[in-house]
Amino acid sequence: MKSEPLFYFLMGILFTYFAVDSAEDGIWDVTTMLFIMIATFDFGTAIRSLFKKTSRS
């Protein structure tokens, strides 16, 4: 099993934590939205990596 999806999933959890932690001023803050976008990218990459078809030559 590849470790790439696990890495991206853990990074998504980390950036979600950062987003929740920085949401004290409100969720529409620039830094909160940036953390949310990065976490979304990480979770999407992890899911894509899990279901990626391997090509055999």
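For the structure itself, look to the data block above.
Presented here is an overview of the structure given in this document. Starting from 1, residues in each chain are numbered consecutively following that chain's sequence as written. Side-chain atom pairs in this predicted model are given and counted only at pLDDT of 80 or more, local residue features only at pLDDT of at least 70, and totals for whole chains, interfaces and linings cover all residues. Excluding hydrogens and water, the side-chain figures rest on all heavy atoms present in the structure.

So, the side chain of Asp42
No. 1: Starting at the N terminus, helices and strands are each numbered in turn, a helix being any DSSP run of H or I of at least four residues and a strand any DSSP run of E of at least two. Inspection of the secondary structure assignment puts Asp42 in helix 2 (residues 30–50).
No. 2: When accessible area is computed with a 1.4 Å probe and restricted to protein chains, residues below 20% of their type maximum are described as buried, those above 50% as exposed, and intermediate ones as partly exposed. Positive charge is attributed to Lys and Arg, negative charge to Asp and Glu, and no charge count is given to His or to the chain ends. Any Lys or Arg side-chain nitrogen found within 4 Å of a carboxyl oxygen on Asp or Glu counts as a salt bridge. No salt bridge is formed by the buried Asp42, whose closest oppositely charged neighbour, Arg48, lies at an N-O distance of 9.1 Å.
No. 3: By definition in these notes, contact holds between two residues if any of their heavy atoms fall within 4.5 Å. The contacts of Asp42, once residues within four sequence positions are left out, are Tyr8, Met11, Gly12 and Phe15.

Observations concerning a nonpolar patch on the surface
No. 1: Taken together, Leu6, Phe9, Leu10 and Ile13 make up a surface patch of nonpolar side chains, about 370 Å² in accessible area.
No. 2: Relative to the helices and strands, Leu6 is located in helix 1 (residues 4–21). Like charges within 9 Å and nonpolar side chains (Val, Leu, Ile, Met, Phe, Trp, Tyr) within 5 Å are joined into patches, using only residues over 30% in relative accessible area that form no salt bridge. Computed with the Shrake-Rupley method and a 1.4 Å probe, the accessible areas treat only the protein chains shown as cover for residues.

Topic: the packing of aromatic side chains
No. 1: Pairing of aromatic side chains here covers Phe, Tyr and the six-membered ring of Trp, requires ring centres within 6.5 Å, and sorts the geometry by plane angle: under 30 degrees stacked, over 60 edge-to-face, intermediate tilted. Evaluation of the coordinates by the stated rule reveals six aromatic pairs.
No. 2: Relative to Phe18, the ring of Phe15 has its centre 5.9 Å away and its plane inclined at 80°; by these criteria the two rings are edge-to-face. Within this pair, Phe15 and its partner Phe18 are both found in helix 1, separated by three residues, close to a single helical turn.
No. 3: Here Phe18 falls in the partly exposed class, since its relative accessible area comes to 32%.
No. 4: The structure contains a cluster of three or more aromatic residues connected by ring pairs, namely Phe15, Tyr17, Phe18 and Phe35.

Some details on helix 2
No. 1: To estimate the expected span of a helix, count its residues, drop one, and scale the result by 1.5 Å. Across its 21 residues, helix 2 extends 30 Å between first and last C-alpha, which sits within 8% of the 30 Å expected from 1.5 Å per residue.
No. 2: Among all positions in helix 2, only Thr32, Ala39, Asp42, Thr45, Ala46 and Ser49 are buried. Buried residues of helix 2 fall within an arc of 155° about the axis and therefore sit on the same side. Relative to its buried face, helix 2 has exposed residues pointing more than 90 degrees away, namely Val30, Met37, Thr40, Phe41 and Arg48.
No. 3: Turning to helix 2, the residues buried within the fold contact helix 1. To obtain the arc, one takes the directions from the helix axis to the C-beta atoms.

By themselves, these figures tell us nothing about what the structure is for.
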